[in-house]
Amino acid sequence: MADDATDALKVLGNEIRMATLRELAEADGPLSFTELRERVGVRDTGKFNYHLTKLCSYFVRETDGGYELGHAGSRVIAAGDVDAAATADDGGNPTRDGACPVCGDDDCEKYFHVHLRPSWL
C-alpha cells in the first residue's frame, strides 16, 4: 500500500499534470481531450496524452462527456486552498467550522481524506 501512495504522489510531481488538475477544477463540467489540452497549453497531443494517462490512474476519471476530477484529484486541489476549508484559531493554526464534510465527525482533525490507490482496483 505504501508503494501505491508513493506512486500516486510521484504523479503529482509535474507541472503539466498539476495544471491539468487546476483546469479540471475550474471547468463547469467534463472537458474533452482537446479542450483540456488547449486549456493547459500543451501543443503536443502525444505528450499531453502521456501526462493525462498518468493522472487517470489516481486523480482524474474519464466519462462519456470527457475528463473530470476524481475524488482524490478534488482533494489535491483543495489541499492548495486550505484557507477555503478552514479558519485560524487563536494560535494561528487552521481549524474547521462544524462537522467534517467527508466523515461527518465534529472532532475530525483531518483536513484531507484522500484514498490513494489506482482507479482500476
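Higher on the page you've got the structure.
The sections below set out a description of the structure shown in this document.

1. Remarks on the side chain of Thr20
For Thr20, the position within the fold is in helix 2 (residues 15-26). With residues near it in sequence (within four places) discarded, Thr20 still touches Leu36, Val40, Phe48, Leu52 and Leu55.

2. Brief notes about the pattern of salt bridges
Two side chains that carry opposite charge are able to pair once their charged atoms sit near each other. Within the structure shown, the criterion is met by two salt bridges. With a shortest N-O distance of 2.3 Å, Glu15 and Arg22 are connected by a salt bridge. Classification of Glu15 as exposed rests on a relative accessible area of 53%. A relative accessible area of 36% places Arg22 in the partly exposed class. With its nearest N and O atoms 2.8 Å apart, the salt bridge here joins Arg61 to Glu68. Note on Glu68: relative accessible area 22%, which makes it partly exposed.

3. Quick look at the side chain of His51
Of note, His51 is situated in helix 4 (residues 45-56). For His51, a relative accessible area of 7% corresponds to the buried category. Excluding anything up to four places from it in sequence, His51 contacts Asn14, Ile16 and Arg17.

4. Side note on the packing of aromatic side chains
In this structure the tally under the stated criterion is two aromatic pairs. Relative to Phe48, the ring of Phe33 lies with its centre 5.3 Å away and its plane at 65°, an arrangement referred to as edge-to-face. Here the residue Phe33 occupies a position in helix 3 (residues 33-40), and Phe48 occupies one in helix 4, the gap between them amounting to 15 residues. Overall, the relative accessible area of 0% leaves Phe48 in the buried class. A centroid spacing of 5.9 Å and a plane angle of 45° characterise the contact between Tyr58 and Phe59, whose relative ring orientation is tilted.

5. So, the packing of helix 3 against helix 4
Taken N-terminus to C-terminus, the directions of helix 3 and helix 4 make an angle of 100°; their axes are 11 Å apart at the nearest point. Between helix 3 and helix 4, the angle falls in the class roughly perpendicular. Residue-level contacts link Phe33, Leu36, Arg37 and Val40 of helix 3 to Thr45, Phe48, Asn49 and Leu52 of helix 4. Tallied by class, residues from the contact of helix 3 with helix 4 come to five nonpolar, two polar and one charged.

About the cut-offs
- Residues numbered from 1 in each chain as written.
- Predicted model: local features only at pLDDT ≥ 70, side-chain atom pairs only at ≥ 80, totals over all residues.
- Heavy atoms only, no water.
- Helix = DSSP H or I, 4+ residues; strand = E, 2+ residues; numbered from the N terminus.
- Contact = heavy atoms within 4.5 Å.
- Salt bridge = Lys/Arg side-chain N within 4 Å of Asp/Glu carboxyl O.
- Buried < 20%, exposed > 50% of the residue type's maximum accessible area, 1.4 Å probe, protein only.
- Phe/Tyr/Trp six-rings, centres within 6.5 Å; stacked < 30°, edge-to-face > 60°.
- Axes fitted to C-alpha atoms, helices over the stretch in contact; angles between N-to-C directions.
- Parallel < 35°, antiparallel > 145°, perpendicular 65-115°, else oblique.
- Nonpolar A, V, L, I, M, F, W, Y, C, P; charged D, E, K, R; others polar.

Shape is all these values report; function is a separate question.
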